[in-house]
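# Examining the three-dimensional arrangement
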Amino acid sequence: MKTERQKMEAGDWYTCLDDELEALRVVARSAVHQHNTLPPDERGPIGPKLAALITARNAIIEAPFHCAYGINIHLGDQVFLNAGCTILDTAKVTIGDQCQLGPNVQIYCAEHHQDPVKRNVEGLEVAHPVTLGNRVWIGGGAIILAGVTIGDGAVVGAGSVVTRNVAPGAVVVGNPARVIERKG
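Quick summary incoming for the structure in this document. From a predicted model like this one, the values you see are computed outputs, not experimental measurements.

## Here we look at the nonpolar core
For soluble globular proteins, the rule of thumb is that nonpolar side chains tend to be buried together. Within the largest apolar cluster, 47 residues are counted, with the highest numbers of intra-cluster contacts made by F65, L81, I95, L101, I138 and I150. Looking at this core element by element, the count peaks at four residues for helix α2 (residues 19-37). Excluding its chain neighbours within four sequence positions, the residues that come into contact with L101 are F80, L81, N82, C85, I95, I107, L132, W137 and I138.

## Let's talk about the sheet that holds strand β4 (residues 65-67)
In spatial order, the strands read β4-β7-β10-β15-β18; together these five strands make up an open sheet with parallel pairing. Sheet topology places β4 and β18 (161-162) at the edges, where each strand pairs with a single neighbour. Here two bridges tie strand β15 (residues 143-144) to β18, and the two strands are oriented parallel to one another. Opposite I143, over in β18, you have V161 as the bridge partner.

## A word on the pattern of salt bridges
In the structure shown here, the tally under the stated rule is eight salt bridges. E9 serves as the salt-bridge partner of R5, at 3.0 Å between the closest nitrogen and oxygen. Placement of the pair is R5 and E9 together in helix α1 (residues 4-10), with a separation of four residues, close to one helical turn. For R5, a relative accessible area of 24% puts it in the partly exposed group. Note that D97 is salt-bridged to R57, the shortest N-O span being 3.0 Å. Here R57 lies in strand β2 (residues 55-57) and D97 lies in the loop between β8 (93-95) and β9 (100-101), a separation of 40 residues in the sequence. The partly exposed category is assigned to D97, whose relative accessible area is 25%.

What counts and what doesn't
- Residues numbered from 1 in each chain as written.
- Predicted model: local features only at pLDDT ≥ 70, side-chain atom pairs only at ≥ 80, totals over all residues.
- Heavy atoms only, no water.
- Core = buried A, V, L, I, M, F, W, Y, C linked by side-chain atoms within 4.5 Å.
- Buried < 20%, exposed > 50% of the residue type's maximum accessible area, 1.4 Å probe, protein only.
- Helix = DSSP H or I, 4+ residues; strand = E, 2+ residues; numbered from the N terminus.
- Contact = heavy atoms within 4.5 Å.
- Pairing = 2+ DSSP bridges.
- Salt bridge = Lys/Arg side-chain N within 4 Å of Asp/Glu carboxyl O.

Next up, the structure:
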C-alpha cells in the first residue's frame, strides 16, 4: 500500500489532507518565512532553510517567494527568480541553466479533482511535473500549468497562461499561450 506521499511522487491521485504531507508543508512554510523576512545581506541568494530544501546551483530567489514543499524544486546554474514567484511543487519542477522568471510567475503542478466531494472533502489531487529547459525567459505574471515542458531558449510573454508544451526557441503569449511569429 502506497503512502499519500508515494502516490503524489508517482503521479497517482492522492489526498493532500495527509499528516506526512502537512508536516512537509510546515517545514517549507518555515523556510519560506525565513527567506522572505531575513534582511537581504543576511539571506544571501537563497535563505538558509530554503537552500536546505531546494536543489540549486548558483541561483538567486528574490523575496517574497512561496513554494509548497521545496523538496521538488531543482534549479540549474545561474537561475533567477524575481520577486513574488510561487512554485507549488507537488511534483518535480526542473528549471534549467540561465533561466529567468519575471515577478509574480506562478508554476502549478497539482490538478484538483473535478468532483466537489472528492476535491473538498477528500482533498484528492494529482501532480504532474513542470520542466523549463535552459535559457528560458518567463515574463512577469505568467502562469505555467501542471505537466508543461518549455523547451530551451523559449520565451513566455508576461501574463500568459501556459497550458501545453512550448517548443524550443518558441515565443508564446496570451491566455492560453500561443506561438507568435518572431520578427527580426
